[in-house]
Amino acid sequence: MSPLDLVFVGVALAAAREKDPYADAQRRDREEMAATARGDHRALGHLYDRYGRLVFSLAVRVVEDHHDAEEVTQDVFLRLWHHAAAFDPRRGDLISWLVAVTRNRSIDHLRSKVSRETDHWVPLPEGFEAHLRLVSEPAITGVEAAQRLDRALAALPSTHRTVLELAYYEGFAQSEIAERLALPLGTVKTWTRTALQALREAMHL
Amino acid sequence: MTCQEREFELYVFGTVEPGERAEIDAHLERSCETCTTGVAKARRLSRGLALTVPHEDPPEHLRSDILRAIAQSTPREMPFWHSVLWRLSFPVSVIAALALLVICIGFFTEVRSLNREAETLRISARQQRDIEQKLLQRLAVLQDAIRQIPTAGTRQAAFVPKQPKQPSGHVYIHSRGLLLVAAGMPKPPQGRTYELWLFAKGQPAPIPAGVFDPDNQGHAMHVLQERIAVATIKQIAITDEPPGGVSAPTGKVLLSAAVK
């Protein structure tokens, strides 16, 4: 069962109990982030209970090492602790920030470990304000949309999926992917564009 | 490349070429609607991709490790007003230290000033005690001289004024000394003092018997504490002499009287 499945199950169970599970999740985020900002360790523990598995799973997928993923997860929640006061629920959701920071920290960790030098990978700012400026929609846009995304990924040709994963999970630029796979840059760009377009359609973006 | 043609997902993934990144940043900065919407959608896609990764359970100890690390971590990001107070704490401390230094300097200066004043008062008190001691000694001398007046063997010489405003007085002579009491004494000439002389039988030169000055009212009192052969004294005289007196009279005689 993937974290996506868990989210689906959680949302479905919540939906059975309440009319608006997403609003309930956001209310809990808001309350626990406010308590965390006040220095409440228990509130951070609750956030970890809800999102720790997602953060750890994404970190494992990127760094491919459980011990390193633990370090990344710890780093992410420490950042959450230190920046909780800047969280503004009116400007976006917590899960988006967690995903972006986890991915950035994981790729940083990976690069430092293999001494991969590149000027291409430039993660977006991780501060809540800079991040949430660009996020104004719910993290969970619907079970059906997420399932479509999962199916679209599975349906991609392996070559297309590979270039997408190298960009998303390892932070490689298209020129680096072309060099790594010994492919023409134009081919990589075409496969990337095609793969992204398929995912956009799957999510109705 | 137009805004519609951009791959905003690569921007969100952090893998877009530097030139294109700068262009998107510039468009976002000026609130380009296409780019803002494109990036927001790309973020949703990125978020969705994260939710498709295979599930991994974190180890049991990780939760407590994180909470322990937080407890031991450096101070959390402070609220604005805390931050302001923290930033102000150094200059405020410096100002407070300087103020304390100024107060200390002022305090020690005041203490030194008070010490000097106390020392002055101590000296003044000592001088007053010396004066009091001298006055008491002089009083004792006068009381002793006065007590000798009615004793047997005391002889006296009287200055009786023959005209108004002339000095008057008595000199009482006894074996241990003499006492002069006078009134209506004029001030001695400038730079001079009065000296008392005793004339004795068988001695050609007068005997100096001390110097004295009258007060502002013309009163004078003089005591000599020396052995005197009372019986031989036949006359006394007062002259004006240089300060401190001389061994033989040189000045003008103010008064003279026979001893009885």
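Everything discussed here concerns the structure shown above.
Residues numbered from 1 in each chain as written. Chains lettered and ligands numbered in written order. Predicted model: local features only at pLDDT ≥ 70, side-chain atom pairs only at ≥ 80, totals over all residues. Heavy atoms only, no water.

Chemist: Explain the sheet that holds strand S4 (residues 193–200) of chain B to me, please; I cannot follow it from the model alone.
Modeler: Pairing between the strands of a sheet is mediated by backbone hydrogen bonds and can be parallel or antiparallel. Residue and element names in this part refer to chain B. The 4 strands lie next to each other as S5-S4-S7-S8, forming an open sheet whose pairing is antiparallel. Two strands in the sheet have a free side with no partner beyond their single neighbour: strand S5 (207–212) and strand S8 (253–258). For this sheet, the mean angle separating the axes of adjacent strands, direction not counted, is 20°. Bridging between strand S7 (residues 233–241) and S8 involves 5 bridges; their strand directions are antiparallel. Within S8, the residue paired with glutamine 235 across the bridge is alanine 258. (Pairing = 2+ DSSP bridges. Helix = DSSP H or I, 4+ residues; strand = E, 2+ residues; numbered from the N terminus. Axes fitted to C-alpha atoms, helices over the stretch in contact; angles between N-to-C directions.)

Chemist: Got a minute to help me understand the layout of surface pockets in this structure?
Modeler: Space left empty within the atom packing is revealed by a probe, the size of a water molecule, rolled over the atoms. Estimates place the volume of the second largest pocket at around 280 Å³. What lines the second largest pocket is a set of 14 residues, among which A:Arg200, B:Gln4, B:Phe8, B:Gly38 and B:Lys41 lie closest to the centre. Put simply, the parts of the chain that give the lining of the second largest pocket at least two residues each are helix H10 (185–202) of chain A together with helix H1 (8–13) and helix H3 (33–50) of chain B. No other element matches the 4 residues that H3(B) contributes to the lining of the second largest pocket. Of the residues in the lining of the second largest pocket, the class split is 3 nonpolar, 5 polar and 6 charged. (1 Å grid on protein atoms, 1.4 Å probe; cavity = no way out; pocket = protein on both sides within 12 Å on 5 of 7 lines; lining within 4 Å. Points joined across faces, edges and corners; volume = space filled by probe spheres on them. Nonpolar A, V, L, I, M, F, W, Y, C, P; charged D, E, K, R; others polar.)

Chemist: Would you take a moment to explain the packing of helix H3 (residues 41–63) of chain A against helix H4 (residues 61–72) of chain B for this structure?
Modeler: The description of two packed helices rests on the angle between their axes and on the distance between the axes. Interaxial distance between H3(A) and H4(B) falls to 10 Å at its minimum, and their mutual angle equals 130°. Put simply, H3(A) runs oblique to H4(B). Seen from above, H3(A) lies across H4(B) with right-handed handedness. Residues A:His41, A:Leu44, A:Gly45, A:His46, A:Tyr48, A:Asp49 and A:Phe56 of H3(A) form the contact with H4(B), whose participating residues are B:Leu62, B:Arg63, B:Ile66, B:Leu67, B:Ile70 and B:Ala71. (Parallel < 35°, antiparallel > 145°, perpendicular 65-115°, else oblique. Left-handed = near helix turned anticlockwise from the far one by under 90°. Contact = heavy atoms within 4.5 Å.)

Chemist: Please explain the interface of chain A and chain B as it appears in this structure.
Modeler: Where interface size is given, it is often the accessible area lost as the parts come together that is meant. Listed as interface residues are 72 residues of chain A and, on the opposing side, 47 residues of chain B. A buried area of about 5,400 Å², summed over both sides, lies between chain A and chain B, and 62% of it is on carbon and sulfur atoms. Scanning the region where chain A abuts chain B turns up 5 salt bridges. A salt bridge links A:Arg200 to B:Glu9, with the nearest nitrogen and oxygen atoms 2.7 Å apart. Our enumeration of links across chain A and chain B arrives at 13 residue pairs in polar contact (both at pLDDT 80 or more). Among the elements that make up the side of chain A that touches chain B, the one with the highest residue count is H3(A) (14 residues). (Buried area = accessible area lost by both parts, 1.4 Å probe. Salt bridge = Lys/Arg side-chain N within 4 Å of Asp/Glu carboxyl O. Polar contact = N/O pair within 3.5 Å; in protein donor to acceptor, adjacent residues only side chain to side chain.)

Chemist: What exactly am I supposed to notice about the pattern of salt bridges here?
Modeler: Any two side chains of opposite charge can pair, given that their charged atoms come close. Enumeration according to the criterion identifies 19 salt bridges over all chains in this entry. Close ionic contact of A:Arg50 with A:Asp29 constitutes a salt bridge, the shortest N to O distance being 2.9 Å. Taken as a pair, A:Arg50 in helix H3 and A:Asp29 in helix H2 (residues 21–37) lie far apart in primary sequence, 21 residues in all. By relative accessible area, A:Asp29 is classed as buried at 6%. Across the pair B:Arg147 and B:Asp144 runs a salt bridge whose closest N-O atoms are separated by 3.9 Å. Of this pair, B:Arg147 and B:Asp144 both sit in helix H5 (residues 80–148), 3 residues apart, roughly one helical turn. Classification of B:Asp144 as buried rests on a relative accessible area of 18%. Look at the salt bridges and you will find they share partners, linking A:Asp75, A:Arg105, A:Asp108 and A:Arg111 into a network. (Buried < 20%, exposed > 50% of the residue type's maximum accessible area, 1.4 Å probe, protein only.)

Chemist: Honestly, the sheet that holds strand S1 (residues 155–159) of chain B in this entry has me stumped. Any pointers?
Modeler: Residue and element names in this part refer to chain B. Strand order in the open sheet formed by 4 strands is S1-S2-S3-S6, with antiparallel pairing between adjacent strands. Of all the strands in the sheet, just S1 and strand S6 (220–224) have a single pairing partner and so form its edges. Within the sheet, the average angular offset between the axes of one strand and its neighbour, ignoring direction, is 10°. Relative to strand S3 (residues 177–183), strand S2 (residues 168–174) runs antiparallel, the two being bridged by 7 bridges. The partner of histidine 170 across the bridge, within S3, is valine 181.

Chemist: Can you help me understand helix H2 (residues 18–29) of chain B in this one?
Modeler: Turn by turn, an α-helix covers 3.6 residues, leaving residues three or four places apart pointing in a common direction. Residue and element names in this part refer to chain B. Helix length check: H2, at 12 residues, gives a terminal C-alpha distance of 16 Å against a target of 16 Å (1.5 Å per residue), a fit within 8%. By the burial criterion, the buried members of H2 are Glu20, Arg21, Ile24, His27 and Leu28. Down the axis of H2, the smallest arc covering the buried residues is 125°, so these residues share one side. Buried positions along H2 lie against H1 and H3. (Expected span 1.5 Å × (residues − 1). Arc of directions from axis to C-beta.)

Function-wise, these values are silent; they only describe arrangement.
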